[in-house]
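Per-entry structural report
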Amino acid sequence: MDKHFFDFTDQRLDAGIAEHCALTVLAGTEGFAFVCTGPDGNTLALKSWQYPLTARDAHEAETEMRKIFGSEPALSYHYESARCAFFNRNVTLVPRRMFDADNLPAYFNLLLPASEYEYGCDVLPEFECFLVYALEPALLQICRQYFPEGRVMHQVTPLLKDFRNRASRTDYSVFANMRNQVVQIAVFDRLNLLFYNTFECQKPGDLLYFVLLAYDQFRLSPEEIQLTIAGYLPEDSDAYRLLARYVRNIRFTAGPESSQLPVQAFHEPAHSWFDLFAVATNP
């Protein structure tokens, strides 16, 4: 693995304790993370990996993911509940009036190359639409193998719901979630979602370009409209410093409550795990 971003396991966690805990897994072709929370909401395990750039296709990601499942005892336990969220860029938002649950592949005819996919959908009643997604079958199969009764969703679903809960009730809001080398950008007009897309960021300037592109598309002023950042973006990074030169008001999302995080996690900002905990707490 290219980067083991964070690694914590409470020594009390075992198969017996796990039966009373909840597990949340977030898997994608760019990385993997999971969190185990006890009945009191405290974190008993929190781990995250970023795959090498060479593992960005489904086959290599499957290999990396199997390494993790084969080496992590916490992933072999039986949990009271389990959630498996997937992250990739193969998503589209479909208005409720145009949605056909029996013909999901049709929404990707012009978006994806021909291949084998597992299609799914999540309802987003707040936006009067459905999130339709195409998953790599091998990655989905691994999670089904280990958690056959686990709830499956796409990471975008709880992310957009959580963003909406934080959006301004009186003005525009711009959000950016950093997930390894991918940024997810959403724009709201009060509580109405105007825009969502993902972009790959290989260089510090890429993040600035795509954020300003969203501002420009809706003729928003980066001098006036706040940018809210989630995910892992250190304030001493080149990408953040460059962004701060052009966007006047930047704030980070609040992460999980401090009581939920292990002390070992405090050296990283709590918003680093924003999307993982959004999945964990999604109704």
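Report on the accompanying structure. Counting of residues starts from 1 at the beginning of each chain's written sequence and follows it residue by residue. Two thresholds apply to this predicted model, a pLDDT of at least 70 for residue-level local features and 80 or more for giving and counting side-chain atom pairs, whereas whole-chain, interface and lining totals are computed over all residues. Side-chain measures here rest on the full set of heavy atoms in the structure, leaving out hydrogens and waters.

Re the sheet that holds strand E10 (residues 172-179)
- Spatially, E12-E11-E10-E13-E14 is the arrangement adopted by the five strands of the open sheet, whose pairing is mixed. Each edge of the open sheet is held by one strand with a lone partner, namely strand E12 (192-200) and strand E14 (250-252). For this sheet, the mean angle separating the axes of adjacent strands, direction not counted, is 20°.
- Sheet analysis places E10 next to strand E13 (residues 227-231), joined by five bridges and oriented parallel. Each residue of the ladder has a partner; that of Phe175, found in E13, is Thr228.
- Note on contacts: a residue pair is in contact if any heavy atoms of the two residues lie within 4.5 Å. Fitting a line to C-alpha atoms yields each axis, with helices limited to the stretch in contact; the angle taken between N-to-C directions then spans 0 to 180 degrees. Each helix is a run of DSSP H or I of at least 4 residues and each strand a run of E of at least 2, with the numbering of both proceeding from the N terminus. Taken strand by strand, helix H4 (residues 156-166) contacts E10, strand E11 (182-189), E12, E13 and E14, and its axis lies near 45° from that of E11.
- Relative to E14, helix H6 (residues 238-246) is tilted by about 140°, and along the sheet it contacts E13 and E14. For two strands to be treated as a pair, DSSP must find no fewer than two bridges joining them.

What about the side chain of Thr228?
- Examined against the element boundaries, Thr228 turns out to sit in strand E13.
- Counting of polar contacts relies on pairs of N or O atoms within 3.5 Å, with two restrictions inside protein: one atom must be capable of donating a hydrogen and the other of accepting it, and residues adjacent in sequence are counted only when both atoms are side-chain atoms. A polar side-chain atom of Thr228 sits 3.5 Å from a polar atom in the side chain of Gln226.
- Those residues in contact with Thr228 that lie beyond four places of it in its chain are Val174, Phe175, Ala176, Arg251 and Thr253.

Details of the pattern of salt bridges
- The working definition used for a salt bridge is a side-chain nitrogen of Lys or Arg within 4 Å of a carboxyl oxygen of Asp or Glu. Following the criterion strictly, the structure yields 13 salt bridges and no others.
- Here Glu72 and Lys47 are joined by a salt bridge, their closest N and O atoms 2.8 Å apart. On the criterion of sequence distance, the pair formed by Glu72 in the loop between helix H2 (58-71) and strand E5 (81-87) and Lys47 in strand E4 (residues 43-50) is long-range, its members being 25 residues apart.
- Exposure classes here rest on a 1.4 Å probe applied to the protein chains alone. A residue is buried below 20% of its type maximum, exposed above 50%, and partly exposed in between. A relative accessible area of 9% means that Glu72 is categorised as buried.
- With a relative accessible area of 8%, Lys47 lands in the buried category.
- One continuous salt-bridge network, built from bridges that share partners, spans Asp7, Lys47 and Glu72.

Concerning H4
- Burial analysis of H4 places eight of its eleven residues in the buried class, which makes it a mostly covered element.
- Here H4 has its buried residues at Val156, Thr157, Pro158, Leu159, Leu160, Lys161, Asp162 and Phe163.

Focus on the side chain of Arg179
- Here Arg179 shows up in strand E10.
- Arg179 sits in the buried class, given a relative accessible area of 9%.
- Within the local environment of Arg179, its side chain forms a polar contact with the side chain of Glu30, the two groups lying 3.0 Å apart.
- If near-sequence neighbours (up to four positions away) are discounted, Arg179 is found in contact with Leu26, Glu30, Phe87, Gln155, Gln184 and Asp275.

Things to note about the packing of aromatic side chains
- Stacked, edge-to-face and tilted labels apply to pairs of Phe, Tyr and Trp rings (six-membered ring for Trp) whose centres lie within 6.5 Å, assigned for plane angles under 30 degrees, over 60, and everything in between, in that order. In total, this model carries 19 aromatic pairs according to the counting rule given.
- Ring geometry for Phe108 against Tyr119: centres 5.7 Å apart, planes inclined by 40°, an arrangement best described as tilted. Separated by eleven residues along the polypeptide, Phe108 in the loop between strand E6 (91-95) and strand E7 (118-124) and Tyr119 in strand E7 bring together distant segments of the chain.
- Between Phe163 and Phe274, the aromatic rings sit 5.7 Å apart at their centres with planes inclined by 15°, giving stacked as the arrangement. Taken together, the positions of Phe163 in helix H4 and Phe274 in helix H7 (residues 274-281) put the pair 111 residues apart, joining distant regions of the chain. Phe274 matches Phe163 in its accessibility class, with the two residues each being buried.
- Through successive ring pairs, a cluster of aromatic residues spans Phe32, Phe34, Trp49, Phe69, Tyr146 and Phe147.
- Just above the ring of Phe127 sits the side chain of Arg164; from NZ or CZ to the centre is 5.9 Å. In this scheme, the term charge over a ring applies when either NZ of a lysine or CZ of an arginine sits within 6 Å of the ring centre and within 35 degrees of the ring normal.

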